[in-house]
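# Inside the fold
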Amino acid sequence: MRKPYITIIDELSKFALSLFLLSVLVFTMSRLAPGDPLYSYYGDRVEKMGTQEQEAARERLGLHAPIPVQYVQWMKGALHGDFGISYKYKTDVKEVIADRIGNTLLLGGLGFVIIFVLALLLGLFCAWREDKAADRVVCGIGTVTSCIPEFWLSLVLILVFAVWLGWLPSSGAYSVGMERNPADRGSHLILPLAVVVLGHLWYYAYLVRNRLLEETRADYVLLARMKGLSGKQVLYRHCLRNAMPSYLSMMAIALPHILGGTYVVETVFSYPGIGTLAYESARYQDYNLLMLVSLMTGGLVIFGNMLARIINVWIDPRMSLKSGGMSGEVREF
Amino acid sequence: MDVLTVKNLSVSFYRESGEITAVKNVSFTLRAGEILVIMGDTGCGKSVLCKSIVKLLPDIAKIKTGQIYFQGKEITGYTEKEMQKLRGTSFSMVFQNPMTALNPCMSVGAQIAEAVRLRQPGISRKALRSRVMELLKLVGLDRPEERAGQYPVHFSGGMAQRCVIAIALAANPEILFADEPTTSLDAGMQAQILGLLLELREKLGMSMIFITHNPEVAVRMADRVALMRGGELYRIGDAEEIFEETIHNNH
């Protein structure tokens, strides 16, 4: 059996290696992409600058050297926690991100929790009422909603609830001067949150439903029924337990997907989060900002996958057999 | 005394392509304490017959005609609720493949405990634990304390089948349905499990409906034998009589 600390070191080194490869890739690709970062820093003034001035500016920003040299420079700083300045905002990229990350975490995190719970409930409900009228209606509605593009749904919701009915604000994260008012922030959250949830919910609910239905056809269901359990009890006590590992690992992978997948929604609602920031930084060659946003998002994805693997081993005893994990170990039942 | 009486039972599967009758007009009785072996080739309807008695047929299958009596009471029209009670107390089943019959994500002890708790809802933790140990010992698993905490993957087929039998016995059933319980096991294990079932029948005095396609197994187990072919039960009688007859016919 492997010692726990070896597993941890193993996982951490994999994590670091993945991040390193990601940073090389993003760094190279962003610099090879067409566009001039000077525009991001100086705006239209670049056009009035002479060639010499432009060269000097490039040198100041460290953009004159060959790409590998630039990368080493960047890496040196990054290892000391210095990720450089944003060309557009002219401040440390960490500050730029710190200003916005709370908004994204709130929108994406809340969306994730709601999706996680609702998908499970909806999937359970549909599996319980398999092929009955209720299941069919839910499946129908779900399939339709999951096919609606997010940007279109956002616009329709803005039109109905903000423009026609005037109940909810159409954009931003808070009204001017109301930054600390929870009610105001809440009302700004409702529409983007609705789009995030509706956009993803059915995909995961359907996954839960189908996994559960697969389980209800397994042999152990018959044995459980023979004990005198009802179909519903078997679904909750037995099938759900067997469907949970794949659901949890799916949701661990979905974590960055949903949290980072708020890009479109943030853009449509002009919601000041990481999504809009990532979009802008890629568009205006704001290299340092792009690097940090990519690394954060990438780190989240890798972390999600790692979490999924760990959860799987933890819940399903079969998964740990290969590394010797729990075999022979006695668990209280 | 007859524990179970089945009269003119027909079971059909309804599919889009039409109706398929899997069990045709089957009648038999099961006497108290006896082992009735239902023998027939794969697909002759023996499993469906068994599942229709305990009403665990898939949704597309229905009992078309006939009556089922358990201890003199008709149970054909029992609701799902009433059947659940019967399954938890009077009927138990042992399945063909123990590795898939056990829930892979639940410790064996927990699966046995669940069955015990259904039968005795108010049971204390301590009593529950000792009952689980008792059942594990009854089916011949050594080191039950350790075994209870393990998962089905940690068991061989034969040991897993012992656990399935332990779950079946948790209900103190009047009738044990054994649906090809040794088919997936190797020969040595097969003999052990058959021996165990015979021993348990002596000890607990339950009746057994034993399904198999294997004549050797039938000879070892049967008090009486019912032969099935194409959904019909065409011959039923004392084991000796029927085996005698079969040997004569074949020579």
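Scoring rules and cut-offs
- Residues numbered from 1 in each chain as written.
- Chains lettered and ligands numbered in written order.
- Predicted model: local features only at pLDDT ≥ 70, side-chain atom pairs only at ≥ 80, totals over all residues.
- Heavy atoms only, no water.
- Helix = DSSP H or I, 4+ residues; strand = E, 2+ residues; numbered from the N terminus.
- Buried < 20%, exposed > 50% of the residue type's maximum accessible area, 1.4 Å probe, protein only.
- Areas by Shrake-Rupley, 256 points an atom, 1.4 Å probe, with all protein chains shown as cover.
- Lys, Arg positive; Asp, Glu negative; His and termini not counted.
- Charge placed at Lys NZ, Arg CZ, Asp CG, Glu CD.
- Axes fitted to C-alpha atoms, helices over the stretch in contact; angles between N-to-C directions.
- Parallel < 35°, antiparallel > 145°, perpendicular 65-115°, else oblique.
- Left-handed = near helix turned anticlockwise from the far one by under 90°.
- Contact = heavy atoms within 4.5 Å.
- Nonpolar A, V, L, I, M, F, W, Y, C, P; charged D, E, K, R; others polar.
- Core = buried A, V, L, I, M, F, W, Y, C linked by side-chain atoms within 4.5 Å.
- Pairing = 2+ DSSP bridges.
- Buried area = accessible area lost by both parts, 1.4 Å probe.
- Salt bridge = Lys/Arg side-chain N within 4 Å of Asp/Glu carboxyl O.
- Polar contact = N/O pair within 3.5 Å; in protein donor to acceptor, adjacent residues only side chain to side chain.

## Observations regarding the overall build of chain A
- Per the secondary structure count, chain A includes 13 helices and zero strands.
- Of the regular secondary structure in chain A, the N- to C-terminal order runs α-α-α-α-α-α-α-α-α-α-α-α-α.
- In terms of its C-alpha atoms, chain A occupies a principal-axis envelope of roughly 85 × 60 × 35 Å.
- Out of the 333 residues in chain A, the part that is buried amounts to 44%.
- If you sum the accessible surface of chain A, you get close to 17,500 Å²; carbon and sulfur atoms cover 66% of it.
- Between the averaged position of the 31 positive side-chain charges in chain A and that of its 27 negative side-chain charges there is a distance of 8 Å.

## Things to note about the packing of helix α4 (residues 108–119) of chain B against helix α7 (residues 157–169) of chain B
Residues and elements named next belong to chain B.
- Put simply, α4 and α7 touch, their axes get as near as 8 Å, and they point 20 degrees apart. The pairing of α4 with α7 is recorded here as roughly parallel in orientation. Seen from above, α4 lies across α7 with right-handed handedness. Counting all contacts with α4, which are made through Val108, Gln111, Ile112 and Ala115, the residues of α7 involved are Cys163, Ala166 and Ile167.
- Along the lines of polarity and charge, the residues of the contact of α4 with α7 split into six nonpolar, one polar and no charged.

## Concerning the nonpolar core
- Leu4(B), Phe28(B), Phe91(B) and Phe210(B) are the most contacted members of the largest nonpolar core, which has 91 residues in total.
- Ignoring anything within four residues of it in the chain, the contact list for Phe210(B) reads Ile35(B), Leu36(B), Val37(B), Ile38(B), Ala178(B), Pro181(B), Leu194(B), Leu197(B), Val217(B) and Met221(B).

## With respect to the sheet that holds strand β1 (residues 2–15) of chain B
All names here are of chain B.
- Reading across from one edge, β2-β1-β4-β5 is the order of the four strands in this open sheet, with antiparallel pairing throughout. The sheet terminates laterally at β2 (18–31) and β5 (73–74), the two strands that pair on one side only.
- Where helix α1 (residues 46–53) meets the sheet, it contacts β1, β2 and β4 (61–70), and its direction lies at approximately 110 degrees from that of β1.

## Section: the interface of chain B and chain A
- Every contact between the two is made by 41 residues of chain B and, on the other side, 25 residues of chain A.
- Summed over both partners, the interface of chain B with chain A buries about 3,000 Å², with 63% contributed by carbon and sulfur atoms.
- Here chain B and chain A share three salt bridges between them.
- Note that Glu80(B) is salt-bridged to Arg225(A), the shortest N-O span being 2.7 Å.
- Our count for the contact surface shared by chain B and chain A stands at ten residue pairs in polar contact (both at pLDDT 80 or more).
- Broken down by secondary-structure element, the contributors of at least two residues to the side of chain B that touches chain A are α2 (80–89), β6 (91–94), α3 (98–101), α4, α5 (125–138), α6 (144–148) and α7 of chain B.
- By residue class, the composition of the side of chain B that touches chain A is 21 nonpolar, twelve polar and eight charged.

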